[in-house]
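Tertiary structure, described
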Amino acid sequence: MKILTDHSVFFDPALRFQMKKEGCSYFARNNFEWQCSTFLPQKPQDALIWCASIWESKMREGCHMRRIDSNFLALEYVRKGSLYVRQDDAAFLAEEGDFFLLRPGGDLEFMTGPPGFCLKDSVILSGNLLEDILKRTGLDGKNYLPEVNGKKFEILLRSFKAFSKNFHAGMLQELEHRSYDLILLLKEPSPAKRCPDALMVLLGFMENNLTQPFSLRELARRYGCSVSHLTRLFHLHYASTPHRMLVEMRMRRAVSLLLETDLSVKEIAAKVGYENSLNFSTEFKKRHRLSPRLFRKGAPSL
């Protein structure tokens, strides 16, 4: 994968509006040599995460696609050739063997790269908790995925295709589980880059001291490295940042306290490190789409 600083390659006067579907606008200059699609059963209404379809494509020179405000996640795997890819302000060249994500929403596009062709697989995922799962796994801010286990990916790909051919209603739950397995595979660190014991100790310290107003500098000092190095370690092993991990820990603890105690929202805010209960409620609602009070009452999700 190569980062692109010049986005002019995406300027294409031949790109034309195709259609608008489910709020997503599609633009294209179609130049596919062939496409082969595998459609999975229609997503159940209560599905948390779901594989909707798999597309195998060979793109000729000049093939160019653009989507605005899509409501699904596309996992893309370049088997041969290359693709220019842009997602909002980030752009890169994906080459043979590269995995990357085209996330829901935003403005994204891809087009055939320098060899003049691209052979790729696309796995389309949707579901009621897709955006929340992406946030919780740290994939919501990722474009390029440098360490996906190719063998495991191929096994999951074959299992999805098998489901499409021999499906019955009893497989619905198993198909949802396989879709979640795919998400976990995308966030799985390389076995060669096992999380250092000292980093796990630091996470345990954070978890046990949520009332402390940690700073990046303090965490780096406790670990014994620079702020930039600590940030790289979190990104490498957890696909996250120290701050995001700390917030997630606080929100998990808050959920437990809301459901298992009679403490007031103000008291819970203090126990998870927020001096201002309004700031706590704002952060909580950002993740759960409910205020802490409504969450405790069991109000339905919006």
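Residues numbered from 1 in each chain as written. Predicted model: local features only at pLDDT ≥ 70, side-chain atom pairs only at ≥ 80, totals over all residues. Heavy atoms only, no water.

**Considerations on the environment of glycine 23**
Position of glycine 23 among the secondary structure elements: in the loop between β2 (16–21) and β3 (24–29). Assessed through its relative accessible area of 40%, glycine 23 is described here as partly exposed. The spacing of glycine 23 and aspartate 69 is 46 residues in sequence and 6.7 Å in space, taken between C-alpha atoms. Residue contacts for glycine 23: discarding those within four places in its chain leaves Ile68 and Asp69. (Helix = DSSP H or I, 4+ residues; strand = E, 2+ residues; numbered from the N terminus. Buried < 20%, exposed > 50% of the residue type's maximum accessible area, 1.4 Å probe, protein only. Contact = heavy atoms within 4.5 Å.)

**So, unusual backbone geometry**
Not every positive phi belongs to a glycine, and aspartate 69 is a case in point at roughly 65°. Among the structural elements, aspartate 69 can be located in the loop between β6 (64–68) and β7 (73–87). For aspartate 69, a relative accessible area of 44% corresponds to the partly exposed category.

**Some details on the nonpolar core**
Core analysis: the biggest nonpolar cluster contains 30 residues, and Leu75, Val123, Leu125, Leu145, Phe153, Leu182 and Ile183 have the highest contact counts within it. Mapped onto this core, the elements with two or more residues apiece are β5 (50–60), β7, β9 (99–102), β11 (117–126), α1 (130–137), α2 (150–165) and α3 (172–187). Beyond its immediate sequence surroundings of up to four residues, leucine 125 is in contact with Ile49, Trp50, Cys51, Phe72, Leu73, Leu130, Ser179, Leu182 and Ile183. Counting 20 residues, the second largest nonpolar core, distinct from the first, contains Cys24, Ala28, Phe72 and Cys118. (Core = buried A, V, L, I, M, F, W, Y, C linked by side-chain atoms within 4.5 Å.)

**Section: the pairing of β7**
β7 sits mainly inside the fold: 13 of its 15 residues count as buried. Sheet topology places β7 next to β11; eight bridges connect them, and they run antiparallel. Bridge pairing in β11 links tyrosine 77 to aspartate 121. Bridge analysis of β7 against β9 gives four bridges, and the strand direction is antiparallel. Counterpart to alanine 74 in the pairing with β9 is leucine 102. Across six bridges, β7 lies against strand β8 (residues 90–95) in antiparallel orientation. If you follow serine 82 over to β8, its bridge partner there is glutamate 95. (Pairing = 2+ DSSP bridges.)

**Thoughts on the packing of α1 against α3**
It is at 10 Å that the axes of α1 and α3 come closest, and there the two elements cross at 30°. By the angle between their axes, α1 is roughly parallel relative to α3. In this structure, α1 crosses over α3, and the sense of that crossing is right-handed. Where α1 approaches α3, its residues Ile133, Leu134 and Thr137 are matched on the opposing element by Tyr180, Ile183 and Lys187. When grouped by side-chain class, the residues that make up the contact of α1 with α3 number four nonpolar, one polar and one charged. (Axes fitted to C-alpha atoms, helices over the stretch in contact; angles between N-to-C directions. Parallel < 35°, antiparallel > 145°, perpendicular 65-115°, else oblique. Left-handed = near helix turned anticlockwise from the far one by under 90°. Nonpolar A, V, L, I, M, F, W, Y, C, P; charged D, E, K, R; others polar.)

**Comments concerning helix α5 (residues 216–223)**
Within an α-helix, residues lying three or four positions from one another point in the same direction, as the helix has 3.6 residues per turn. Taken as a whole, α5 has its buried residues at Leu219, Ala220 and Tyr223. In an axial view of α5, the angular spread of the buried residues amounts to 100°, which keeps them on one side of the axis. Exposed and oriented more than 90 degrees from the buried face of α5 are Arg217 and Arg221. One or two positions beyond α5, positive phi appears at glycine 224, with a value near 90°. (Arc of directions from axis to C-beta.)

**Quick look at the pattern of salt bridges**
In the structure shown here, the tally under the stated rule is 17 salt bridges. Between glutamate 95 and lysine 2 there is a salt bridge, with the nearest N and O atoms lying 3.8 Å from each other. In this pair, glutamate 95 is assigned in strand β8 and lysine 2 in strand β1 (residues 2–3), connecting sequence segments 93 residues apart. Overall, the relative accessible area of 26% leaves glutamate 95 in the partly exposed class. A relative accessible area of 47% means that lysine 2 is categorised as partly exposed. Put simply, lysine 161 and glutamate 56 hold a salt bridge, and the shortest N to O gap is 3.1 Å. Residue lysine 161 is located in helix α2, and its partner glutamate 56 is located in strand β5; the two are separated by 105 residues in the primary sequence. For glutamate 56, a relative accessible area of 21% corresponds to the partly exposed category. Here the salt bridges share partners, and the residues they tie into one network are Arg66, Arg86, Asp107 and Glu109. (Salt bridge = Lys/Arg side-chain N within 4 Å of Asp/Glu carboxyl O.)

Shape is all these values report; function is a separate question.
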